[in-house]
Amino acid sequence: MPVQVLRELEAPGPVPRFDIPAWWEEFGVRAGVTGRGEGPGRGFDLGLWTDAPVGEVMGRWRQFRNGFEDFPGVVLGDQVHGVQLARHREVRGWSQVDALDGHLTTQPGVLLTVTVADCIPVYLLAPKQRAAALLHCGWRGTSGGLLSRGIQTLREVTNMAVDNMVMHCGVGICGACYEVGSEVMESCGQAAPGPGPWHLDLRSVLIEAAQQAGIRRISTSQWCSSHDRPRFYSHRGSGGRDGRMVAYLGYPLGPATASD
Ligand SMILES: [Zn+2]
């Protein structure tokens, strides 16, 4: 199956947010990513481990959460560019977990989140089981195999064949904007011919890995966090000064709205 281009669309409301309405309509799942917004200073920065004042950041997290009333639980991890992921069952309120770059749940009402600013948020669904996984894939997570772990865990938890899964590569840095060293290219299985500079297209690497794992239905955002910096945050595009966006994924409480 060809890879579909699925663009996140700006949602109305006080929080700068880009949803994937096609997934809501087809699968009844809430998915998307926050944006930079037009506020003063750093805008709608949701980074908890940056130098932004914590009180202001938490205020924005509360605002963000107000848009998800049908989610009693929100999960976020202190990300370390690793390959660990965890399954979350009953979650009430905030659940902040150490050293995790991937989250998975089969529980409606649990909103999974990862923070990003160039790294690729990878959204995985097993729609028939209403199971969801959200992965934070920079080059380290990608080269370490976080995606294949996510697919494998989703398969074990749902007992679903991989070809029933659906994957989306969200807003992140494009290949043209992401200059890397040859060691990064090689760790991600890419050739690094000549003297460089080399450019890594993380989404292409992830898509190829998903195809090899057997996922047939794959889509990708075309937003680039660096090209599209008026809308998004880019660590690379800002020389490390930008804030963080939050990617989110979850099935809301209540009856399934998806057609299956
Ligand atoms: Zn770009």
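Residues numbered from 1 in each chain as written. Predicted model: local features only at pLDDT ≥ 70, side-chain atom pairs only at ≥ 80, totals over all residues. Heavy atoms only, no water.

Enquirer: Mind showing me how you'd approach the overall build of the protein chain here?
Expert: Of regular secondary structure, the protein chain possesses six helices and 16 strands. Its C-alpha radius of gyration of 17 Å places the protein chain within 12% of the 18 Å reference for a compact globule of 260 residues. By its C-alpha atoms, the protein chain is 55 × 45 × 30 Å across when sized along the principal axes. Counting every position in the protein chain, which comprises 260 residues, the buried fraction comes to 54%. (Helix = DSSP H or I, 4+ residues; strand = E, 2+ residues; numbered from the N terminus. Rg over C-alpha atoms; globule rule 2.2 N^0.38 Å. Buried < 20%, exposed > 50% of the residue type's maximum accessible area, 1.4 Å probe, protein only.)

Enquirer: Just to check I follow, could you spell out the coordination of the zinc ion for this structure?
Expert: Angles at a metal have ideal values that depend on geometry: 109.5 degrees with four tetrahedral donors, 90 or 180 degrees with six octahedral donors. Those donors, Cys174 (SG), Cys177 (SG), Cys224 (SG) and His227 (ND1), are the protein atoms that reach the zinc ion, and they lie 2.0 to 2.4 Å from it. Each of the four donor atoms bound to the zinc ion contributes to angles spanning 99 to 118°, and the resulting shape is tetrahedral. For Cys224, a relative accessible area of 3% gives the class buried. Assessed through its relative accessible area of 53%, His227 is described here as exposed. (Donors = N, O, S within 2.8 Å, 3.2 Å for Na, K, Ca; no water. Tetrahedral: all angles 85-135°; square planar, octahedral: opposite > 155°, others 65-115°.)

Enquirer: Is there a simple way to think about the layout of surface pockets in this case?
Expert: With a probe scaled to a water molecule rolled over the atoms, the places where space remains empty come into view. In this model, the largest pocket occupies a volume close to 500 Å³. As for the largest pocket, its lining consists of 23 residues, of which His81, Cys119, His136, His235 and Arg244 are closest to the centre. Looking at the lining of the largest pocket, the elements that each hand over two or more residues are strand S5 (73-78), strand S9 (110-116) and helix H3 (139-144). Partitioned by chemical class, the residues of the lining of the largest pocket number nine nonpolar, nine polar and five charged. (1 Å grid on protein atoms, 1.4 Å probe; cavity = no way out; pocket = protein on both sides within 12 Å on 5 of 7 lines; lining within 4 Å. Points joined across faces, edges and corners; volume = space filled by probe spheres on them. Nonpolar A, V, L, I, M, F, W, Y, C, P; charged D, E, K, R; others polar.)

Enquirer: What is the right way to read the pairing of S5 from this model?
Expert: Remark: a regular strand shows side chains that alternate across the two faces of the sheet. With five of six residues buried, S5 lies mostly within the body of the structure. Sheet analysis places S5 next to strand S7 (residues 93-98), joined by six bridges and oriented parallel. Note that in S7 the partner of Gly77 across the bridge is Val97. Two elements, S5 and S9, share three bridges in a ladder whose sense is parallel. Opposite Val75, over in S9, you have Leu112 as the bridge partner. (Pairing = 2+ DSSP bridges.)

Enquirer: Honestly, the packing of aromatic side chains in this entry has me stumped. Any pointers?
Expert: Between two aromatic rings, the relevant description is the distance of the centres plus the angle of the planes. The tally for this structure, following the rule as stated, stands at eleven aromatic pairs. A ring pair is formed by Phe64 and Tyr248, whose centres lie 5.6 Å apart and whose planes are at 55°; its orientation type is tilted. Here Tyr248 lies in strand S16 (residues 245-250) and Phe64 lies in helix H2 (residues 54-66), a separation of 184 residues in the sequence. Each of the two residues, Phe64 as well as Tyr248, counts as buried. Seen from their ring centres, Phe68 and Phe71 are 5.9 Å apart, and the 70° between their planes marks the pair as edge-to-face. Taken individually, Phe68 and Phe71 each receive the classification buried, so the pair is uniform in this respect. A network of ring pairs unites the aromatic residues Trp61, Phe64, Phe68, Phe71, Trp94 and Tyr248 as a single cluster. The side chain of Arg7 reaches across the aromatic face of Trp223, ending 4.2 Å from its centre. In this structure, Arg65 packs its charged tip against the face of Trp94, placed 5.0 Å from the ring centre. (Phe/Tyr/Trp six-rings, centres within 6.5 Å; stacked < 30°, edge-to-face > 60°. Lys NZ or Arg CZ within 6 Å of the ring centre and 35° of its normal.)

Enquirer: How should the pairing of strand S11 (residues 131-137) be read in this particular structure?
Expert: By the criterion of burial, S11 is predominantly enclosed, with seven of the seven residues buried. Neither face of S11 is left uncovered, since the one carrying Ala131, Ala133, Leu135 and Cys137 and the one carrying Ala132, Leu134 and His136 both have all their residues buried. With four bridges connecting them, strand S8 (residues 102-105) and S11 associate as antiparallel partners. Paired with Gly102 across the bridge in S11 is Leu135. One ladder, built from seven bridges, connects strand S10 (residues 120-126) with S11; its direction is antiparallel. Each bridged residue has a counterpart across the sheet, and for Tyr123 the counterpart in S11 is Leu134. The antiparallel pairing of S10 with S11 creates a hairpin that spans four residues between the two strands, and Arg130 there sits at a positive phi of about 50°.

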